[in-house]
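So you can see what is in the structure, the chains are spelled out below.
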Amino acid sequence: MSTTQYLTRDEVGILLTAAAHAPSMHNTQPWKFEIQGPVIDVLRDPERALPVADPGGRMSRIGLGAAAFNLRVAAALLGHETTLALEPDPARPAVALRIFLAGRRVPVPGLSSLYGEITRRHTYRGPLLAVPMPPVLRHELTVAAQAEEAELDWLDGTRRTQLGRIIHDADEREVHDEDRLHERMQWIGGRRDDDGVPAAALGPLPQTPASVRDLAAGFEVPDRGRASFETKAAVAVLSTPAEDSHGWLLAGMALQHLLLTATAHDLTASFLNQALEYTDLRDQVRTLIGRRSWPQLILRCGYPADSAGHTPRRHWNDTLGTRVTPEGSEPWNK
Ligand SMILES: Cc1cc2nc3c(=O)[nH]c(=O)nc-3n(C[C@H](O)[C@H](O)[C@H](O)COP(=O)(O)O)c2cc1C
């Protein structure tokens with residue numbers, strides 16, 4: 001078998017469909033993929049960046065890391081062990097991650113068991129049931145994050161209250177920031193066929209202030225319901241020792257590892273990230289977690305009281321920088 005025929009078209013479809021189901025900020029899906037033989041490159045797509053809310057590309061790299069984790073899970077199902085290189089090619093900085101598929105065997109234990117959770121996982125922005133998360137599950141999610149070299153810090157009541165104040169400040173700023181508002185409106189609300197967050201996935205508005213982010217804050221979305229939210233949610237900060245592009249990619253892998261693990265236990269999560277989108281507020285969150293590491297994501301977790309609205313995805317073929325033919329693959333620009 002030549003290297004170009006290493007994967008069949010169906011296998012490429014399985015791998016890239018899994019990758020496409022990863023979470024990304026505003027569902028921009030900021031990735032493209034190139035496949036040559038047993039090597040899969042995950043690239044940043046500059047046309048899908050968020051220059052106002054994410055000028056340094058931190059969030060988009062977290063999305064790329066999450067997509068890479070899904071690729072590893074799908075590869076494990078197909079029987080491939082994977083190894084990974086972060087930013088492997090200085091001559092091509094757009095290549096964020098390179099995944100090497102090793103020899104074909106039976107499904108790789110561990111990772112492959114998460115495959116069924118990839119399409120079950122959705123960001124859930126509705127109210128949570130008043131059923132606490134068992135400590136053993138918190139621990140399991142913490143271990144999942146640690147497996148990708150990240151930390152997960154579950155906040156106690158006092159620190160949750162402090163975080164609430166920081167988030168309140170972020171909410172205040174966000175609705176008065178015209179540039180951010182304009183950028184969000186391009187991706188959020190309405191009907192969406194391939195990307196962005198449709199109105200149906202926004203969840204109801206809380207009747208009283210709640211620990212949930214309204215992605216449509218500052219603009220009207222017609223026919224949005226209201227609901228009563230839980231008073232106490234489990235909130236955790238995902239952080240990395242390094243604050244650089246490697247740290248962000250690892251944060252994305254850790255995020256997806258813990259989200260798929262949560263899904264396997266019928267837990268859901270949503271994001272309270274507005275506090276991390278302003279440098280000074282992010283610094284306050286950093287203080288809250290002891291300043292040893294860099295906060296990358298804030299998650300609210302629990303058992304959903306309702307079902308999550310789904311977000312769309314582009315077809316995997318539209319994310320592929322390598323054209324796949326039944327005989328094998330060829331460079332996409334040939
Ligand atoms: C880095 C990152 C930041 C995100 N920030 C938020 C956020 O602050 N608020 C929110 O509601 N969702 C946030 N999300 C979730 C995305 O909106 C969600 O992943 C995307 O719309 C796709 O939907 P899905 O997760 O249901 O597949 C974030 C996701 C990522 C990866």
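Residues numbered from 1 in each chain as written. Predicted model: local features only at pLDDT ≥ 70, side-chain atom pairs only at ≥ 80, totals over all residues. Heavy atoms only, no water.

Trainee: Would you mind going over the site of the ligand in detail, with residue names and values included?
Mentor: As a matter of local geometry, the ligand sits amid 19 residues, with Arg121, Thr123, Arg125, Arg213 and Arg313 nearest to it. Within the side chain of arginine 125, a nitrogen or oxygen atom sits 2.7 Å from an oxygen atom of the ligand. One nitrogen or oxygen atom from the side chain of arginine 313 is found 2.6 Å from an oxygen atom belonging to the ligand. Two domains each provide a minimum of three residues to the shell around the ligand, namely domain 1 (3-119 + 323-331) and domain 2 (135-302). (Near = heavy atom within 4 Å. Polar contact = N/O pair within 3.5 Å; in protein donor to acceptor, adjacent residues only side chain to side chain. Domains from an automatic or database assignment.)

Trainee: Which residues make up the sheet that holds strand β2 (residues 39-44), and what values do they have?
Mentor: In spatial order, the strands read β1-β2-β4-β3; together these four strands make up an open sheet with antiparallel pairing. Looking along the sheet, the strands with just one partner apiece sit at the ends: β1 (31-36) and β3 (80-86). On average, adjacent strands in this sheet sit at an angle of 20 degrees to one another, irrespective of strand direction. Pairing analysis gives six bridges linking β3 to strand β4 (residues 95-104), with the strands arranged antiparallel. Looking at the pairing, threonine 82 lines up with leucine 101 of β4. The strands that helix α1 (residues 9-20) touches are β1, β2 and β4; relative to β1, the one it contacts most, it runs at about 155 degrees. Its contacts with the sheet put helix α6 (residues 245-264) on β3 and β4, and the angle it makes with β3 is roughly 150 degrees. (Pairing = 2+ DSSP bridges. Helix = DSSP H or I, 4+ residues; strand = E, 2+ residues; numbered from the N terminus. Axes fitted to C-alpha atoms, helices over the stretch in contact; angles between N-to-C directions. Contact = heavy atoms within 4.5 Å.)

Trainee: Residues and numbers for the side chain of threonine 261, please.
Mentor: Topologically, threonine 261 is positioned in helix α6. Looking at threonine 261, its side chain comes within polar contact range of the main-chain oxygen of histidine 257, at 2.6 Å. Those residues within four positions of threonine 261 in sequence are excluded, and the remaining contacts are Leu114, Glu140, Leu141 and Ala144.

Trainee: So what's going on with the pairing of β4? Which residues, and what values?
Mentor: Bridge count between β2 and β4: five bridges; the pairing is antiparallel. Across the sheet, the residue bridging to leucine 43 is valine 95, located in β4.

Trainee: Let's hear about the nonpolar core: which residues, and what values?
Mentor: If you look at the biggest cluster of nonpolar residues, it comprises 37 residues, and the most contacted ones within it are Leu15, Leu16, Phe33, Val42, Leu71 and Leu97. Broken down by secondary-structure element, the contributors of at least two residues to this core are α1, β1, β2, α2 (58-77), β4 and α6. Ranked by residue count, the leading element in this core is α2, at 10 residues. Ranked by size, the runner-up nonpolar core spans 26 residues in total, among them Leu137, Ala269, Leu299 and Cys301. (Core = buried A, V, L, I, M, F, W, Y, C linked by side-chain atoms within 4.5 Å. Buried < 20%, exposed > 50% of the residue type's maximum accessible area, 1.4 Å probe, protein only.)

Trainee: Residue-level account of the pattern of salt bridges, with values.
Mentor: Counted under the stated rule, the structure contains 20 salt bridges. One continuous salt-bridge network, built from bridges that share partners, spans Glu174, Asp177, Arg180, Arg184, Arg213 and Glu277. (Salt bridge = Lys/Arg side-chain N within 4 Å of Asp/Glu carboxyl O.)

Trainee: Kindly report on the pairing of β1, identifying the contributing residues and their values.
Mentor: For β1 and β2, the ladder comprises six bridges, and the chain directions are antiparallel. When the sheet's bridge partners are listed, phenylalanine 33 is paired in β2 with valine 42. Hairpin connection of β1 to β2: two residues between the antiparallel strands, including glycine 37 at a positive phi of 55 degrees.

Trainee: Give a description of the domain arrangement of the chain that names residues and reports values.
Mentor: Assigned domains within the chain: domain 1 (3-119 + 323-331) and domain 2 (135-302). Using only C-alpha atoms to locate each centre, domain 1 and domain 2 end up separated by 24 Å. With 33 residues of domain 1 in contact, the opposing surface of domain 2 contributes 36 residues. Approximately 2800 Å² of surface area, both sides summed, lies buried where domain 1 meets domain 2, with 67% of it carried by carbon and sulfur atoms. Remark: the boundary between domain 1 and domain 2 carries two salt bridges. Put simply, aspartate 195 and arginine 48 hold a salt bridge, and the shortest N to O gap is 3.0 Å. Where the side of domain 1 that touches domain 2 is concerned, the elements lending two or more residues are α2, β3 and β4. Its residues placed into classes, the side of domain 1 that touches domain 2 shows 19 nonpolar, eight polar and six charged. (Buried area = accessible area lost by both parts, 1.4 Å probe. Nonpolar A, V, L, I, M, F, W, Y, C, P; charged D, E, K, R; others polar.)

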